[in-house]
Each structure stands twice: as C-alpha cells, then as structure tokens.
Amino acid sequence: MVVWTDQERAFIQDIFSKLNYEDAGPELYCRVLIVYPWTQRYFGGFGNLYSAEAIKSNPMVAAHGIVVLHGLDKAMKNMDDITVLKGLEKALKNMDNIKNTFTALSELHSEKLQVDPGNFQLLGDCLTVVLARRMTTDFTPDIQAAWQKFLSVVISALTRQYY
Amino acid sequence: MSLSAKDKAAVKALWAKISPKAEDIGNEALSRMLLVYPQTKTYFSHWSDLRPGSAPVRKHGKKVLGGLGLAVEKIDDLFGGLLTLSELHAFQLRVDPANFKILAHNILVVLSMLFPDDFTPEAHLAMDKFLARVALALSDKYR
C-alpha cells in the first residue's frame, strides 16, 4: 500500500494548482509524439503527424494533451475524450486510492486502446520535462522525488489490469 | 536509433550553452539521481557524504559532465571515442547499465529547468537520443 507523507501530498497538490492545463497539455503531447515518434501508432485518426511542425500545430494533439491534467473521465465515448492530463488530476484527488480509481482506466488502456504500458513511462518522462521547464528552480530535488513517486504509482495502477 | 546530422547539430548547439555551467549541471543531475533513485547510492558507499550538493557529489558531477563533453567531441564515433570509459565502467566500476538511463533522465530534467526556452521538443529529442547512444557506447565492453 502506498503511504504518502503530508509533505509529499502538499508538493503534488502544489504542482497541480500551479499548472496551466490548457498550456501544458498541448506541450506534453507534442513532446511525446516528437521525442518518441513510435507513439504515433496510437493516433492514426489525428491526421497530419508527419513533422514536428505538423504535430505542434495539430489541434487534435493539443486537445488530447489537456485531459490527463483535468482527470480521466470514465464515460469515454471515443479517443478524443481521453486526455492524459485529466487522468492525473483524478489520481491527485484520490491519492490514497489510486489503485482502485484506475481499475477501469487500466482496463480501457489494456483491452480497448491496447497501449503498450511502456508508453506510460515515456509520457511520464515527458510530463516531468514539461513541469521542470515551467517550474525551473522551484522543481527542487525533494519535489521531484515526490513527483516521480506519484507518477510511478499512477503508472503501476494503469498497468495493473493488463494480462 | 542513430544520430542524424540534425541531431548532432542540435546537441552541439545545446552543449555550447551547457559547458559554461557544466559543473553545476553535473552536481544538480547527480544530486537528484541519488535522492530520487536511492538504489543508485549503492555505487557510492565509499563517499563520506551523499547528500545533494555535497563535496564528493559536486566533484563527481563535474567528472561525469566532463565525460559527456568528450562524447560531444567524439559524436561522430562514440564507440571508438568512449572505448576507455567503456572499459572503466565494464571492468572496474561495473555499474549496471540500467542506471545510465536514470542519470540521463535527471540530466534532461536539469536541462529543462536551466534552459526552458532552448529545450525545445527537437532539442529534447536530440539530447535523449544522444544520451541513449552514449549509454550504449559505455556498455559496449560489458560482455
């Protein structure tokens, strides 16, 4: 069972309270698709992803990035409703129960989306870079430690239903 | 994932900004690695102080960044250029190569913090590839 110190909770809540989802979301997905281009395999419906410039100006990429921060909505109808950033906010609100909160999401990623869980780490690493750029020296080693712990718990929860 | 001419140019351009701050960057990256990934401390049990910013950490961070500088110089022949360092890591230090990825991640985090405007997605891509290639060259002599 994951145990969070008060300081870790405070750090994670602080990160999300200062993060502009509409700004960071698009950057997150741009980085994932540019830095790890094989992830484009999951976004065949996004149109032009043929160059870094195309990715940066693609409105579907931008929209898609925003969700992870706002929290994952279980009643998703199609790929466009899913955003990585929204999911993380949900994890934040359920820090003590991330595992169960993500059961349905894990099933979704495994059964329907069929995303290789290795990609969760890639996205997490890109999000860390996005945060570090925005927070600069405020992203202290202690805050980074709490953040990496939070990410690894979310990734583990998302991977849990794979078999 | 070999380095294109564009990747090499991006690495060199970013390195021009990195090298004046190499010691600080090395210290910051190593400090974070030891704190955030405590399993990496197992390689430094002979140091008196493993806390972020301590003297041994700072000194070693400088050494590591010096090694990276060599890699930038030898970017067209990483395996040849890093041969001696690979032998050192393989036969003497015997660092598990998985740790190269951990340190690389922390270097990228520090670069993002210090150069938020220069660390564009293209620069991020190039540095990620470069560090992965350096790790591969360093592991070359392991077995």
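Since the model is a prediction, treat every value here as computed from it, not as a measurement.

1. Some details on the layout of surface pockets
Moving on, step 1. What the largest pocket holds in volume is close to 820 Å³.
Moving on, step 2. Residue lining of the largest pocket: 30 residues in total, with His60, Val64, His89, Leu93 and Leu103 of chain B positioned closest to the centre.
Moving on, step 3. Secondary structure elements with two or more residues in the lining of the largest pocket: α2 (22-36), α3 (55-73), α5 (83-93), α6 (98-114) and α7 (121-139) of chain B.
Moving on, step 4. Top contributing element to the lining of the largest pocket by residue count: α3 of chain B, with 8 residues.
Moving on, step 5. Taken together, the residues that form the lining of the largest pocket break down as 22 nonpolar, 6 polar and 2 charged.
Moving on, step 6. The volume enclosed by the second largest pocket comes to roughly 530 Å³.
Moving on, step 7. Considering the residues around the second largest pocket, the lining is formed by 24 residues, among which Lys101, Asp128, Lys129, Leu131 and Ala132 of chain B are closest to the centre.
Moving on, step 8. Secondary-structure elements contributing two or more residues to the lining of the second largest pocket are α8 (118-135) of chain A together with α6 and α7 of chain B.
Moving on, step 9. Considering each element in turn, the lining of the second largest pocket owes the most residues, 10 residues, to α7 of chain B.
Moving on, step 10. Looking at the lining of the second largest pocket, its residues break down into 16 nonpolar, 3 polar and 5 charged.

2. With respect to empty space enclosed by the protein
Residues and elements named next belong to chain B.
Moving on, step 1. Under the definition given, this model contains 1 cavity of 30 Å³ or more.
Moving on, step 2. Considered as a void within the structure, the largest cavity measures approximately 30 Å³ in volume.
Moving on, step 3. Around the largest cavity, the lining residues are Gly26, Ala29, Leu30, Gly61, Val64, Leu65, Leu103 and Ile107.
Moving on, step 4. Elements supplying a minimum of two residues to the lining of the largest cavity: α2, α3 and α6.
Moving on, step 5. For the lining of the largest cavity, the class distribution of residues is 6 nonpolar, 2 polar and no charged.

3. Some points on the interface of chain B and chain A
Moving on, step 1. Contacts between the two partners involve 20 residues from chain B, matched on the other side by 23 residues from chain A.
Moving on, step 2. Taking both sides of the interface into account, the surface hidden between chain B and chain A amounts to around 1,900 Å²; carbon and sulfur atoms contribute 62%.
Moving on, step 3. By the criterion of area lost to chain A, the three top residues of chain B are Met113, Pro121 and His124 of chain B, representing 25% of everything that side buries.
Moving on, step 4. Across the pair Lys56 of chain A and Glu122 of chain B runs a salt bridge, and its minimum N-O distance is 2.7 Å.
Moving on, step 5. At the surface where chain B touches chain A, the tally comes to 9 residue pairs in polar contact (both at pLDDT 80 or more).
Moving on, step 6. Taken together, the residues of the side of chain B that touches chain A sort by class into 10 nonpolar, 5 polar and 5 charged.

What counts as what
- The numbers attached to residues start from 1 for each chain and follow its sequence in the written order.
- Chains and ligands are labelled sequentially in the order written, the chains with letters from A and the ligands with numbers from 1.
- Where totals are concerned, whole chains, interfaces and linings use all residues; where local detail is concerned, this predicted model gives features only for residues with pLDDT of at least 70, and gives and counts side-chain atom pairs only at 80 or more.
- Note that the side-chain values use all heavy atoms of the structure and ignore hydrogens as well as water.
- Using protein atoms alone on a 1 Å grid, points that fit a 1.4 Å probe yet trap it form a cavity, whereas open point sets bounded by protein on both sides within 12 Å along at least five of seven lines form a pocket; residues with an atom within 4 Å of a point count as lining.
- Grid points are joined across faces, edges and corners, and a volume is the space filled by probe spheres set on the points.
- Counting from the N terminus, the helices are DSSP H or I runs at least four residues long and the strands are E runs at least two residues long.
- Residue polarity is assigned by list, with Asp, Glu, Lys and Arg as charged and Ala, Val, Leu, Ile, Met, Phe, Trp, Tyr, Cys and Pro as nonpolar; anything else, Gly included, falls into the polar class.
- The contact criterion used throughout is that any non-hydrogen atoms of two residues lie within 4.5 Å.
- Accessible area, probed at 1.4 Å, shrinks when two parts are joined; the buried area is that loss added up over both.
- When a carboxyl oxygen of Asp or Glu is within 4 Å of a side-chain nitrogen of Lys or Arg, the pair counts as a salt bridge.
- Any N or O atom pair separated by 3.5 Å or less is treated as a polar contact, with the protein-specific requirement of one donor-capable and one acceptor-capable atom, and with residues adjacent in sequence counted only for side-chain atom pairs.

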